[in-house]
Each structure stands twice: as C-alpha cells, then as structure tokens.
Amino acid sequence: MFYILDDECKIAKSTAKSFAEKVFRGHTSNSRIYSARKSKKKNRFNDDEAFCIRHFAGEVIYVTEGFLEKNKDSLPLGLTRLMFNCENNPVCVELFEEDRKAEEEAKQQAKGGGKGGAAGGRFNSISRKFLTQLSELMTNLNATDSSFIRCIKPNIEKKPGIFQGVHVMNQLRCLGMVETLMLMHTGFPTRCPYDHIYSSYKTIVPAFVASLPAPEFVEAIMMSLEVPRSKFQLGITRVFFKSGMLAFLDELLDSSADKMAGLANKIRHWILLKRWRKGIRTVICFLRFADKLRRLRALKELLKSTHIIFRLQMGLFRMLKRIRRRKAALLIQKVFRGHNQANKWRKTAKGILVIQKYFRRYRVQKEFKAEIDRRRKEIAKQLAEKKKAEQEKREAEVREKIRQERERKERERKEKEEQDRLERERLRLETEERIRREREELERAREERERLERERREREEEERRTREEERRRREEERREREEQERRDREERERLKREDREREIREERERKKKEKNWSEEKGKR
C-alpha cells in the first residue's frame with residue numbers, strides 16, 4: 001500500500017479517489033482490505049473516498065482525502081542544495097546528509113546514461129522514509145538478541161545513594177515482578193527435550209539402558225546424577241527443571257567421558273533398585289488383596305447372619321404393628337366423635353353471628369344511601385358549572401390552534417419551495433460531475449484495453465516460442481527413444497545368439513558324454 005501511495009504521489013494528475021481505486025484494485029484477493037460500506041461501523045463514505053482495514057485489534061476506516069499531500073515530504077531543489085552545501089553550519093549538513101547522497105547518486109546515474117535517475121532521486125516521501133527506517137529496525141533486531149529490562153526508580157527525589165524500599169516494592173508489584181518470581185519459583189521454567197539428553201548419553205550407557213523409552217531413560221539419568229525428585233518433572237517430549245537448575249542443565253548436556261566415568265554403574269544400580277521396589281510393591285498389593293478377600297468372605301458370612309436376625313425382628317415388628325393399629329383405631333374413634341360435636345356447636349354459633357351481621361349491615365346501608373344521595377346532588381351541581389367553564393376554555397384553545405396551524409403551513413410552503421430550488425441546483429451540479437467522471441473512466445478504460453491488448457500479443461508470442469521449444473524437445477525425445485529401442489533390439493538378438501550357441505555346446509557335450517559312457521560300458 002505504501003508503494004501505491006508513492007506511485008500516486010509521482011503522478012501529476014493523481015487524486016485521492018484514484019489512490020482509493022488503486023488500493024482496491026491491487027488488493028482484491030486480500031480479505032482484510034474492503035470497502036467502507038461493508039464496515040460494521042456507520043459511515044457515509046463511497047468506495048472512492050475511503051477504505052477499511054481489519055487490524056488485529058479491530059477494523060479502521062481510512063479516508064483518502066489528504067493522503068497524497070501529507071505523504072509528500074519534498075523541498076524545492078534549490079533550497080535543498082543550499083542547505084546541504086552550508087559547510088559552516090554542521091547542523092544543516094547533518095540534517096540534509098541523505099539529500100546530498102541522493103543528489104550524488106542521481107548525478108552518477110545521469111552520467112551513466114540513465115534519464116529518470118535524477119527525478120527519481122529527488123523525490124522523497126513519508127512512506128518511503130518509514131519503510132527505510134522499518135527495514136533498518138528489522139535488520140538491527142535480527143542481528144541482536146532481545147532482552148527485557150525493568151527500570152526501577154530507587155527514590156522519589158531522583159538522587160543517587162538513596163534507596164526507598166517501600167517505593168521500590170510498589171513499583172515491582174505494579175510491574176508484576178513479584179508474581180513472576182513466585183511463578184518461576186513454584187513452576188518449572190527451564191526445559192530440555194529428551195532428544196538432547198539421549199544424544200549426549202547414548203554412547204556412554206549400556207545397550208539395555210539406551211533401549212529404554214525416552215521418559216524412563218531421562219529419569220534414570222537424573223536419578224543416577226542424584227537430582228532430587230522435586231527439582232524436575234517429566235513431560236511427554238521434554239523434561240522440566242525448577243528455577244536455578246540452568247547451570248546443572250549445561251553440565252548435564254556436557255557428556256565428556258571423564259565426568260561420566262561411573263554413570264553406567266549408577267544407572268544399573270538405580271534400575272535394579274526401581275525393579276526391586278516395583279517387586280516389593282507388587283507383593284504388598286498381593287497381600288492387601290488377599291486380606292481384602294478374607295474380609296469380603298467374613299462380611300458375606302456376617303450379612304447372612306444379619307439376614308436371619310432381620311427376619312426374626314420383622315415377625316416381632318408385625319405383631320407390635322397390629323397392637324399399635326388397634327390402639328390407633330380406638331383413638332381415631334374418640335377424636336372423630338369429639339370433632340362432630342364441636343362442628344355442630346360451631347355451625348350454630350356461626351348462624352347466630354351471620355343473622356346479627358346482616359341486620360347491622362342493612363341499617364348502616366340505609367343511612368349511607370341517604371348521605372350518598374345528598375352528596376351526589378351537590379357534586380352534580382359543581383360538575384355542571386365546571387363543565388361549562390372548560391367548554392369555553394376549549395373553544396378558545398381551538399381557535400388559537402387553528403390560527404397557529406395556518407401560520408405553520410404557510411412557513412412550510414415557503415421552506416419547501418426553497419428546498420426544491422436548492423435540490424434542483426444540486427442535481428444539476430451532480431449531473432455535470434457524473435458526466436465528467438464517466439468521461440475520465442472511459443479514457444482510463446481505453447488505456448486499460450490498449451495495455452491488455454499489448455500484453456495479449458506478448459503472451460501469444462511467448463506461447464508460440466514455448467510451443468516451438470516443446471516440439472523440438474519432443475522430436476529429440478522421439479529420436480532418443482528410437483535409438484534406445486534399436487540398442488535394446490540388438491541386445492536381445494545378441495542374447496538370443498548366445499543362448500543358441502550355449503544350447504549347441506551343451507548338446508555336443510551331452511552327446512560326447514553319452515558316447516564315452518557307451519564305450520566304457522562296452523569295454524566292461
């Protein structure tokens with residue numbers, strides 16, 4: 001995208017819209033660059049006014065207006081030459097050192113026959129400087145090793161020789177160094193693949209140790225070197241060490257014969273000890289299993305006895321249940337009869353209370369009805385007066401609203417006429433601008449068609465040369481194949497002749513042997 005921006009800055013008639021179109025045209029297959037109209041954010045930009053880039057943190061809409069002007073960072077040529085030729089002022093010389101070098105390179109290219117070197121050397125832009133600085137930064141980073149440095153202020157006064165513990169501790173806590181050290185202390189930050197340790201020790205250990213799986217092999221090495229079990233952990237592909245074991249790891253990977261003289265005996269001793277412990281654990285597990293089996297058998301006998309006792313208890317419980325049921329039936333009868341008598345008394349008392357309640361309510365309702373009629377007449381009179389006043393007020397409000405509505409319609413009519421006039425003027429200007437853009441697009445399309453036609457003719461010429469070379473290659477392959485077939489045919493004929501000659505020799509030897517055998521038989 002920076003290269004497209006530089007190219008647009010070099011073109012005299014380039015605009016922000018042409019830059020946006022070239023960005024879309026050059027990144028059609030890039031899913032992270034798309035039109036601003038497809039953005040989730042609300043905007044009113046067209047395709048030739050802005051473009052959207054989806055960064056890691058989110059999408060950003062870039063408006064191309066002003067990109068070309070802001071990217072240009074060139075001064076007049078006479079002013080630039082005047083500044084870097086000021087030998088009495090070292091500041092100006094240092095600031096315009098790059099321009100002086102670019103001027104010298106342009107002159108050398110011009111002497112060598114290049115016509116576009118001077119113009120290209122004088123052009124400078126913000127994006128070109130950024131790309132140059134970025135390239136230098138990546139070169140420096142690739143040539144060095146990265147280190148993370150935490151800067152701590154020892155005191156608030158910024159004076160030497162003063163150390164404030166609370167202030168430093170707060171900074172370390174805010175930087176997360178306390179948690180990091182605790183994590184490194186409790187975790188296993190140092191790690192090493194099994195392959196490194198195996199390649200360092202496979203030549204000095206016995207064959208039965210080298211044939212062990214990777215975790216067991218590394219564990220045998222660690223235990224033979226008397227490394228505490230709490231200082232390392234075995235993973236799937238590598239071994240992990242506690243913090244502070246980096247020096248031990250360097251010593252571990254240094255597998256010199258002098259340092260590892262008695263390692264094989266220690267490994268053999270550890271393997272035998274491990275197998276012995278495994279056998280001991282197996283015997284202990286067997287004894288525990290036998291003890292558990294005996295306990296299960298005793299538990300089975302106990303359950304059988306418990307079942308018999310349970311059946312005896314169930315018979316006794318049934319008899320007690322019948323006795324309790326009889327007592328409960330007598331109690332239920334007694335409670336039921338008492339409940340019936342209590343219900344009859346409650347019903348009688350309830351009837352008396354109901355009669356008293358209805359009589360008192362009738363008397364109160366009669367008095368309340370007379371009071372209600374009196375108040376209703378007073379309220380009706382007040383409502384009639386209030387209704388008359390409200391009706392007069394509403395009529396006045398209606399007349400005022402009608403007058404205001406007429407004035408509003410008159411204002412709206414005038415505003416609408418003014419808007420229609422402005423809209424017609426805007427449509428006329430837009431039509432003229434659209435016609436101009438269409439003419440420019442037709443001109444660019446014509447140039448694009450001519451360029452495509454030239455590229456098509458070049459491709460056809462290239463394809464014709466390719467077909468001619470392919471035909472010559474196939475002809476050479478055909479001649480080589482015929483020559484190979486001829487050689488194969490001659491070889492087969494030679495082998496057939498040798499086979500016939502060998503068969504003839506064998507037949508002669510066989511006849512000769514038969515003749516000798518018959519002569520010897522005749523002699524006997």
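See the structure above.
About the thresholds
- Residues numbered from 1 in each chain as written.
- Predicted model: local features only at pLDDT ≥ 70, side-chain atom pairs only at ≥ 80, totals over all residues.
- Heavy atoms only, no water.
- Helix = DSSP H or I, 4+ residues; strand = E, 2+ residues; numbered from the N terminus.
- Rg over C-alpha atoms; globule rule 2.2 N^0.38 Å.
- Buried < 20%, exposed > 50% of the residue type's maximum accessible area, 1.4 Å probe, protein only.
- Contact = heavy atoms within 4.5 Å.
- Polar contact = N/O pair within 3.5 Å; in protein donor to acceptor, adjacent residues only side chain to side chain.
- Core = buried A, V, L, I, M, F, W, Y, C linked by side-chain atoms within 4.5 Å.
- Salt bridge = Lys/Arg side-chain N within 4 Å of Asp/Glu carboxyl O.
- Axes fitted to C-alpha atoms, helices over the stretch in contact; angles between N-to-C directions.
- Left-handed = near helix turned anticlockwise from the far one by under 90°.
- Nonpolar A, V, L, I, M, F, W, Y, C, P; charged D, E, K, R; others polar.

A. Examining the overall build of the protein chain more closely. Helices and strands together make up the secondary structure of the protein chain, namely 15 helices and 6 strands. Relative to its length of 524 residues, the protein chain is extended, with a C-alpha radius of gyration of 54 Å against a globular reference of 24 Å. Each of the three principal axes of the protein chain carries a C-alpha extent, and together these read 165 × 110 × 90 Å. A burial count over the protein chain gives 14% of its 524 residues as buried.

B. Here's a closer look at helix α2 (residues 16–26). Every buried residue of α2 is accounted for by Ala16, Ser18, Phe19, Ala20, Val23 and Phe24. Its buried side turned inward, α2 meets α1 (2–10), β1 (33–35), β2 (50–54) and α3 (67–71).

C. Representation of the side chain of asparagine 155 within the structure. Here asparagine 155 shows up in the loop between α8 (126–143) and α9 (165–175). Taking relative accessible area as the criterion, asparagine 155 reaches 1% and is therefore assigned buried. Within the structure, asparagine 155 has its side chain in polar contact with the backbone nitrogen of glutamate 157 (distance 3.2 Å). Among all residues touching asparagine 155, those that are not within four sequence positions of it are Ile162, Gln164 and His167.

D. Highlighting the nonpolar core. The biggest cluster of nonpolar side chains holds 17 residues, and the ones touching the most others in it are Val218, Met222 and Val239. Residue assignment for this core shows that the elements contributing at least two residues are α11 (194–201), α13 (214–224), β6 (238–241) and α15 (263–523). Looking at this core, the element that brings in the most residues is α13, giving 5 residues. Counting 10 residues, the second-largest nonpolar core is a separate cluster that includes Cys9, Phe19, Phe24 and Phe51.

E. Broad picture of the pattern of salt bridges. Evaluated as defined, the whole model comprises 49 salt bridges. With a shortest N-O distance of 2.8 Å, glutamate 514 and arginine 510 are connected by a salt bridge. Taken as a pair, glutamate 514 and arginine 510 lie in helix α15 at a separation of 4 residues, close to a single helical turn. For glutamate 514, a relative accessible area of 43% gives the class partly exposed.

F. Focus on the packing of α11 against α13. The interhelical angle for the contact between α11 and α13, taken along N-to-C directions, is 60°, at an axis separation of 10 Å. Seen from above, α11 lies across α13 with left-handed handedness. Touching Tyr194, Ile197, Tyr198 and Tyr201 of α11 are Ala214, Pro215, Phe217, Val218 and Ile221, all from α13. Looking at side-chain class alone, the contact of α11 with α13 contains 9 nonpolar, no polar and no charged residues.

G. Fine view of the environment of leucine 296. Take leucine 296: it is sitting in helix α15. Once the C-alpha coordinates of leucine 296 and arginine 451 are considered, the two residues, 155 residues apart in sequence, prove to be 95 Å apart.

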